[in-house]
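# Chain and residue survey
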Amino acid sequence: MTTEPHGSAAEVILVVDDDPDIVRVVEVNLRLHGFDVLTAHSGAEALALLEHRRPDLAIVDLMMPGMDGLELTRRLRADPMVTALPIIVLTAKALTSDKVAGLAAGADDYVVKPFDTSELIARVRATLRRNQEAREVSPLTGLAGNTRILREIADRLKSGTDYAVCYIDIDRFKAVNDVYGFGRGDGFISALARSLRRATVAAGLPPAFLGHVGGDDFVVICHPLQLKPITERAIWDFQNASDQLYDPVDAERGYIEVVDRRGKVFEVNLVTLSIGVALSTMRVFEHPGEVVAVASEMKTKAKKVHGSYVAIDQRTDRLVLPSQREPESDAAAEAGSGA
């Protein structure tokens, strides 16, 4: 990562090791080089800490009692909120198989004990720099952005496994921003991120991917069998969470009042979700852009239905991109979930 300008927040490094002496040595050296440091002495302690703090990188010891470093790394990679977190593993074993195991679990780099602190600092800086260059991460939600989303879709295309791509946004979000301001609007976006995270984690294995396109737009990539439980739980969870973000008088009457430029007052319903879905089981996609185009098209159709709705593309004809289409027909079949 490039050098932070003077006065900006220091990057935060999470150090997880059951040996307090190693934790202390690493912490002191990181602080001397301008980093902030969080420490944990077990995998469980690290997971609990991540519920409240979001570090920029984690240094994880592989050999710990209870939850070892490999299991902790796997759990971090399966959690949408920290899936993009760069991880350096510390191992006392110099065997190639142990290094490979750490990298296969999702680590970005490794350092063999005993280690030279200058090498560790260099690897931390290099990993942060690569992470910054390779990933776009939303500063509001901490979720992976467009580059990572497209790469994830490309990986699913390459693997040949079945998948569903869900394109999600908040209906009438602009009205919330206009009435309450962007600060409150960010609260709705964060609430949706948390609802989607809980839904994807609850869906179990294989791990579902959650990304933040920007604004109130999100993408979930999952197995088709996970589609219904994820969307149903996300809609229910977000509806409950968003109700708490309105002023009590607006929540009670079920709408907000928006004043246009001419001073006319309009009643706008409370927010709901529109979700468009592209399925690999229905079509053969050749490029991530094709998948996104179909999911986006279905999201537009979902917005035409009152309430939260899931529109699933059921067409099996040859995919034609928008630039190649004749005037649009109503050939798409949709499946909905009312809220």
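The structure reproduced in this document is the subject of the present report. (Residues numbered from 1 in each chain as written. Predicted model: local features only at pLDDT ≥ 70, side-chain atom pairs only at ≥ 80, totals over all residues. Heavy atoms only, no water.)

## Here we look at the pairing of strand S11 (residues 272-279)
Across the eight residues of S11, eight count as buried, placing the element largely inside the fold. Across the two faces of S11 the burial is the same, with Thr-272, Ser-274, Gly-276 and Ala-278 and Leu-273, Ile-275, Val-277 and Leu-279 all buried. The sheet contact formed by strand S6 (residues 164-171) and S11 spans eight bridges and is antiparallel. In the sheet register, Asp-171 faces S11, and the bridge partner there is Thr-272. The sheet contact formed by S11 and strand S12 (residues 309-312) spans four bridges and is parallel. Bridging across to S12, Ser-274 finds its partner in Tyr-309. A crossover connection joins S11 to the parallel S12 through helix H11 (residues 288-302); in handedness this β-α-β unit is left-handed. (Buried < 20%, exposed > 50% of the residue type's maximum accessible area, 1.4 Å probe, protein only. Helix = DSSP H or I, 4+ residues; strand = E, 2+ residues; numbered from the N terminus. Pairing = 2+ DSSP bridges. Right-handed = clockwise from strand over helix to strand, strands pointing away.)

## Examining the packing of helix H7 (residues 173-180) against helix H8 (residues 182-202)
The geometry of H7 relative to H8 is characterised by a closest axis approach of 7 Å and an angle of 145° between their N-to-C directions. Here H7 contributes Phe-173, Val-176, Asn-177 and Tyr-180 to the contact with H8, which in turn contributes Phe-182, Arg-184, Gly-185, Phe-188 and Ile-189. Looking at side-chain class alone, the contact of H7 with H8 contains six nonpolar, two polar and one charged residues. (Axes fitted to C-alpha atoms, helices over the stretch in contact; angles between N-to-C directions. Contact = heavy atoms within 4.5 Å. Nonpolar A, V, L, I, M, F, W, Y, C, P; charged D, E, K, R; others polar.)

## Quick look at the sheet that holds strand S7 (residues 209-214)
Read across the open sheet, the five strands follow the order S7-S8-S6-S11-S12; overall the sheet is mixed. Here the strands that pair on one side only, and so sit at the sheet edges, are S7 and S12. Put simply, the sheet's adjacent strands are angled 20° from each other on average, direction ignored. Strands in contact with H8 are S6, S7, strand S8 (217-222) and S11; relative to S8, the strand with the most contacts, it is inclined by about 5°.

## A few points about the nonpolar core
Counting 39 residues, the largest nonpolar core has Ile-168, Phe-218 and Val-277 as the members making the most contacts within it. Elements with a contribution of two residues or more to this core: S6, H7, H8, S8, helix H9 (227-243), strand S9 (255-259), S11 and S12. Here this core takes seven residues from H8, the largest share from any one element. Beyond its immediate chain neighbours, meaning those up to four positions away, Val-277 contacts Ala-164, Val-165, Cys-166, Leu-227, Ala-295, Met-298, Val-310, Ala-311, Ile-312 and Asp-313. Core analysis: the next-biggest nonpolar cluster, separate from the first, contains 22 residues, Leu-14, Ala-46, Leu-50 and Ala-105 among them. (Core = buried A, V, L, I, M, F, W, Y, C linked by side-chain atoms within 4.5 Å.)

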